[in-house]
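Notes for the structure review
Now for the letters of each chain:
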Amino acid sequence: MAAGTRPANHGFVERSRRDRRLELARLARERHADLSVVLGLSVRVGDHQVHGDYTGGVDAGGLVASLGRLVLGWALPWRGRTEERDMRKEAEAEAGVRGQVQGGDGLGRDGCRSERDVALSGAKAWRDAVVAAAPVDFQVPRRFLASSLSSSPSASVGVEVETGAPQGVEIEMQADEERRARDFARVIARVDTDALARLARNLLVEHRRRQFAARSSSTLAEAVAAVPPDSVLLPKIGEPFFGGGHVFYLVEFPPRMRRNGRGRNAKGVKWIVKIPAMKCRVDDEGDGWDDLCRETLRAEALLLHMLRTETQIPVPAVIDADCSVDNDVGAPWLLMEFVQGRRLEDVWFGLDGSDESRRGKGIDEHLLRERREMILTNLANAMLQLGKYTFARGGALVFDQHNGELVGTGPLRILDIQAMVDRWFADEACETTPIYRAAGPWDDTGDVYTACLDAYPSTSVSSTGANELIKLLLGHIREPGSCREIKSRKGKEKVKKIVGGGVDRDEKEKPKGFVLMHADLSMRHIILDQDGTTIKAILGWDAARAAPRSIGNEALPAWLVRDFNPFLYRWRPPDDVRRNGRRGVSMTLEGNRFEDSPWTLRELREFYAGVMMELKMHRRPRKQGREGNDDDQYGAQEDSDVNITKQSLLAMTLHTAIRDPRCRVAALRRLLEKCSRPFETFDFDYFVEVLGEEYQADSVQLRCLEKNLRELVDKGFVKGAVAW
């Protein structure tokens with residue numbers, strides 16, 4: 001081929017090279033290899049295919065072992081069959097290395113890798129490397145980082161900062177903070193902090209004037225004279241800190257002078273400013289914040305106001321908001337009260353040391369369990385109140401432009417993780433600012449799940465097989481309020497029925513299948529009161545939306561389903577549990593400090609589902625819905641055969657696998673492992689190959705898989721499963 005000629009199949013070559021690049025990184029890390037080799041040849045003639053693959057890595061200390069594996073034929077592709085994966089685990093156990101083929105973390109015997117081991121590994125693992133492409137929930141209390149995070153408003157109250165997080169996690173989170181400061185530099189440059197301080201002072205003056213007029217029944221002129229502008233000093237604007245897609249500033253006013261002028265009150269007013277990130281690529285005619293971004297910020301402000309006035313859900317009070325770009329601050333902003341309390345992630349693991357959950361050097365497991373159950377009960381009580389807001393279509397909340405009332409749903413601004421991963425593959429040193437795209441609204445609940453799959457059509461047999469497996473599993477979700485096409489048992493014709501109703505209904509009588517959900521209910525978004533159980537505020541409502549009920553307000557909290565996502569889940573069994581399968585042993589691995597064991601998560605899921613059901617049984621007063629739907633105020637119209645909270649385990653796992661391509665293979669593998677028994681194994685590679693080639697999967701396997709999925713949903717586990 002002539003030099004400079006671009007081949008027509010250049011895209012295939014680039015994708016193949018990208019896969020080999022990941023395999024080389026894995027080989028270098030797992031085998032401490034100075035030289036890594038990945039060779040592959042695939043030939044297709046008609047309907048026949050032949051594949052030949054070789055992978056190998058060599059280092060000075062492991063040359064003999066590498067040659068031995070080569071002779072024995074153990075060098076298969078990194079995504080090889082189950083037999084090869086089991087043999088690799090045995091070889092790694094002898095060398096003191098713990099890992100997984102997909103989503104492994106390469107932890108040593110003590111549960112973490114030292115900084116020296118990281119440097120010697122030569123290259124990061126696929127998961128550890130691609131974690132920088134998009135936001136990841138580490139579930140590690142930030143107060144355990146040896147950094148300046150102790151001075152940020154996100155730190156817990158009355159708790160000193162200490163080190164102790166696993167070194168790999170600590171390094172990753174510190175590097176993440178540095179990347180965010182660099183990536184949000186354009187937003188920081190646009191913000192005029194002096195104008196922000198003046199704006200905050202004027203808003204506080206107006207607020208105190210209204211308070212004075214209400215207390216003393218004074219006129220506006222009297223309130224203005226009683227509270228002059230110079231009665232409030234300019235606040236201090238703190239250094240910016242960062243969320244997944246926002247920049248925050250703490251606004252702290254000096255304590256007020258007492259009326260006798262002899263001292264100051266001990267407590268001053270604290271507010272917090274939330275500014276969204278700019279578009280990743282700014283067009284020549286753009287200003288960095290598109291209409292959908294500004295509308296999302298406006299919807300969040302109105303939603304917080306609605307929840308504070310119409311429910312008892314604890315959310316921060318909104319002071320003011322301006323979604324325009326040409327304001328004095330220089331960026332769209334949302335000003336809220338600063339909620340000071342204890343972070344859930346500190347209390348959950350009993351690591352805050354400020355209460356009775358810790359006795360001596362250990363943790364009182366009984367008191368910790370009671371505290372967790374009280375927190376989950378309070379959380380279920382808050383989330384259940386969102387059931388009064390039901391919708392006929394899924395998408396973003398739309399509020400009236402004049403009176404600010406909720407009127408329906410519209411296009412949703414969702415995080416495009418696939419685009420962020422593609423950007424990272426093109427340049428590992430790229431910025432990590434979020435990339436968003438518009439999606440929806442949706443009339444059918446099934447379209448919500450498959451929206452991300454439809455946006456990025458599969459380009460290979462493996463990706464097609466994984467996508468078809470997801471759709472196959474989605475077919476087992478019985479979504480309350482949706483129409484499903486099922487086969488009649490008395491005939492071969494297909495009929496449409498309302499799930500749970502058992503009879504045909506008119507479209508006007510169909511219950512609304514979408515409900516208001518938080519969409520990012522993680523530990524970092526829950527602030528507790530000083531008692532450690534009362535929820536003081538639930539944060540992070542910018543992603544709130546109308547969603548299917550199985551991932552809606554009655555779904556499990558995100559941290560209770562982490563064991564179904566090996567990409568995030570860092571818990572590893574101690575040696576005696578791995579060897580003997582015993583339960584109840586002490587957790588000695590460092591990586592387990594901030595993760596719960598699979599059996600603990602299973603018990604907590606069962607408790608949360610029971611609490612949710614009990615609360616629903618005690619709160620059944622009927623109330624006219626927001627859109628005229630005659631539902632009860634907690635969403636009583638549902639499939640009587642479906643426990644939404646229990647079913648959310650399957651729905652949330654699949655939704656995560658769809659939304660984040662980094663989790664897809666690992667989550668699907670784990671889900672099939674959780675459904676497999678020693679005599680009923682469901683091989684991920686088999687389903688991917690068969691479905692990717694558009695063949696029909698074995699009917700016996702499909703029936704067994706459906707039965708085990710039902711057991712997983714109903715009981716929370718499959719009895720005798722090969723995986724916890």
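Our subject is the structure that appears above.
Description of the structure in this document. In every chain, residue numbers begin from 1 and rise along the written sequence. In keeping with the predicted nature of the model, local features appear solely for residues at pLDDT of at least 70, side-chain atom pairs appear and are counted solely at 80 or more, and the whole-chain, interface and lining totals rest on all residues. Water and hydrogen atoms were dropped before computing side-chain values, which therefore reflect all heavy atoms in the structure.

1. Concerning the pairing of strand β8 (residues 333-337)
Applied cut-off: Remark: exposure states derive from per-residue accessible area (1.4 Å probe, protein chains only) relative to the maximum for the residue type, with buried under 20%, exposed over 50%, and partly exposed in between. Where helices and strands are cited, they refer to DSSP runs of H or I of at least four residues and of E of at least two residues respectively, numbered from the N terminus. Two strands make a pair as long as DSSP finds a minimum of two bridges between them.
The buried count for β8 comes to 4 of 5 residues, which makes it a mostly enclosed element. Bridge count for strand β6 (residues 270-276) against β8 is 4 bridges, and the pairing is antiparallel. Bridge pairing links Trp271 to Glu337 in β8. Pairing geometry for strand β7 (residues 318-322) and β8, over 4 bridges, is antiparallel. The residue of β8 that forms the bridge with Asp320 is Leu335.

2. A closer look at a nonpolar patch on the surface
For clarity, the cut-off: In this scheme, patches are assembled from residues that exceed 30% relative accessible area and form no salt bridge. Like charges are connected within 9 Å, while nonpolar side chains (Val, Leu, Ile, Met, Phe, Trp, Tyr) are connected within 5 Å. In short, Shrake-Rupley with a 1.4 Å probe defines the accessible areas, and a residue's cover is counted only from the protein chains shown. One side-chain nitrogen of Lys or Arg within 4 Å of one carboxyl oxygen of Asp or Glu is enough to make a salt bridge.
On the surface, Leu41, Val43 and Val45 cluster together into a nonpolar patch covering about 290 Å² of accessible area. Structurally, Val43 can be placed in strand β1 (residues 35-45).

3. Some thoughts on empty space enclosed by the protein
Convention followed: Using protein atoms alone on a 1 Å grid, points that fit a 1.4 Å probe yet trap it form a cavity, whereas open point sets bounded by protein on both sides within 12 Å along at least five of seven lines form a pocket; residues with an atom within 4 Å of a point count as lining. Grid points are joined across faces, edges and corners, and a volume is the space filled by probe spheres set on the points. Residue polarity follows a fixed list, in which Ala, Val, Leu, Ile, Met, Phe, Trp, Tyr, Cys and Pro are nonpolar, Asp, Glu, Lys and Arg are charged, and the others, Gly among them, are polar.
Counting across every chain of the model gives 6 cavities of 30 Å³ or more. Taken together, Leu556, Arg602, Arg605, Glu606, Ala609, Thr645, Lys646, Leu649, Leu712, Val713, Lys715 and Gly716 form the lining of the second largest cavity. Residue assignment for the lining of the second largest cavity shows that the elements contributing at least two residues are α17 (598-618), α18 (644-659) and α21 (699-715). Taken together, the residues of the lining of the second largest cavity break down into 5 nonpolar, 2 polar and 5 charged.

4. Details of the sheet that holds strand β20 (residues 526-528)
The condition is simple: We call two residues in contact when some of their heavy atoms are within 4.5 Å. Under this scheme, a helix contributes an axis fitted over its contacting stretch, all axes are lines through C-alpha atoms, and angles between N-to-C directions fall in the 0 to 180 degree range.
Here we have 3 strands laid out as an open sheet, ordered β9-β20-β21, and antiparallel in their pairing. Edge positions in the sheet fall to β9 (342-343) and β21 (535-538), since each has one partner strand and no second. Two strands pair when backbone bridges link them, and β9 and β20 are joined in this way by 2 bridges, in the antiparallel orientation. Bridge assignment links Arg342 to a residue of β20, and that residue is Leu528. Set on the sheet, helix α12 (residues 365-384) makes contact with β9, β20 and β21; between it and β21 the angle comes to about 50°.

5. Looking at the side chain of Arg664
So the rule is basically this: Charged residues are defined here as Lys and Arg on the positive side and Asp and Glu on the negative side; His and the ends of the chain fall outside this count. Polar contact is the term for a pair of N or O atoms within 3.5 Å; when the atoms are in protein, one must be able to donate a hydrogen and the other to accept it, and sequence-neighboring residues count only if both atoms are side-chain atoms.
Among the secondary structure elements, Arg664 is positioned in helix α19 (residues 661-675). In this structure, Arg664 is buried with no salt-bridge partner, the nearest side chain bearing the opposite charge being Asp660 at 7.3 Å. Of note is the side chain of Arg664, whose polar atom sits 2.8 Å from the backbone oxygen of Ile658. Once residues within four sequence positions are removed from consideration, Arg664 is found in contact with Leu453, Asn467, Ile470, Ala657 and Ile658.

6. Notes on the pattern of salt bridges
The final tally for this structure, using the stated rule, is 28 salt bridges. With its nearest N and O atoms 3.7 Å apart, the salt bridge here joins Glu337 to Arg308. Highlighted residues: Glu337 in strand β8 and Arg308 in helix α10 (residues 291-310), separated in sequence by 29 residues. Since its relative accessible area comes to 29%, Glu337 is described here as partly exposed. Notably, a salt bridge pairs Arg662 with Asp660, separated by 2.8 Å at the nearest N-O pair.

7. Comments concerning the sheet that holds strand β12 (residues 390-391)
Spatially, 3 strands are ordered β12-β19-β22 in an open sheet, and the strand pairing comes out antiparallel. Each end of this open sheet is capped by a strand with a single partner; those strands are β12 and β22 (545-548).

8. A short note on the packing of aromatic side chains
Operational definition: Note on aromatic contacts: the rings of Phe and Tyr and the six-membered ring of Trp form a pair at centre separations within 6.5 Å, being stacked when their planes are under 30 degrees apart, edge-to-face when over 60 apart, and tilted otherwise.
Summed over all chains, the structure comprises 9 aromatic pairs. Relative to Trp271, the ring of Phe253 lies with its centre 5.3 Å away and its plane at 80°, an arrangement referred to as edge-to-face. Linking Phe253 in the loop between β5 (246-252) and β6 with Trp271 in strand β6, this pair joins segments that are 18 residues apart in sequence. For the pair formed by Phe253 and Trp271, the shared burial category is buried. Between Trp424 and Phe425, the aromatic rings sit 5.2 Å apart at their centres with planes inclined by 65°, giving edge-to-face as the arrangement. Look at Trp424 and you get buried, because its relative accessible area is 5%.

9. A short note on unusual backbone geometry
In this model, Gly440 is joined to Pro441 through a cis peptide bond whose omega is 0°. Tracing the chain through its elements places Pro441 in the loop between β16 (436-439) and α14 (445-455). The phi dihedral of Ala519 falls on the positive side, at around 80°, and the residue is not glycine. Mapped onto the secondary structure, Ala519 falls in the loop between β19 (514-517) and β20. The exposure class of Ala519 is partly exposed, given its relative accessible area of 33%. Even without being glycine, Glu694 reaches a positive phi, approximately 65°. In this structure, Glu694 sits in the loop between α20 (684-692) and α21. Note on Glu694: relative accessible area 70%, which makes it exposed.

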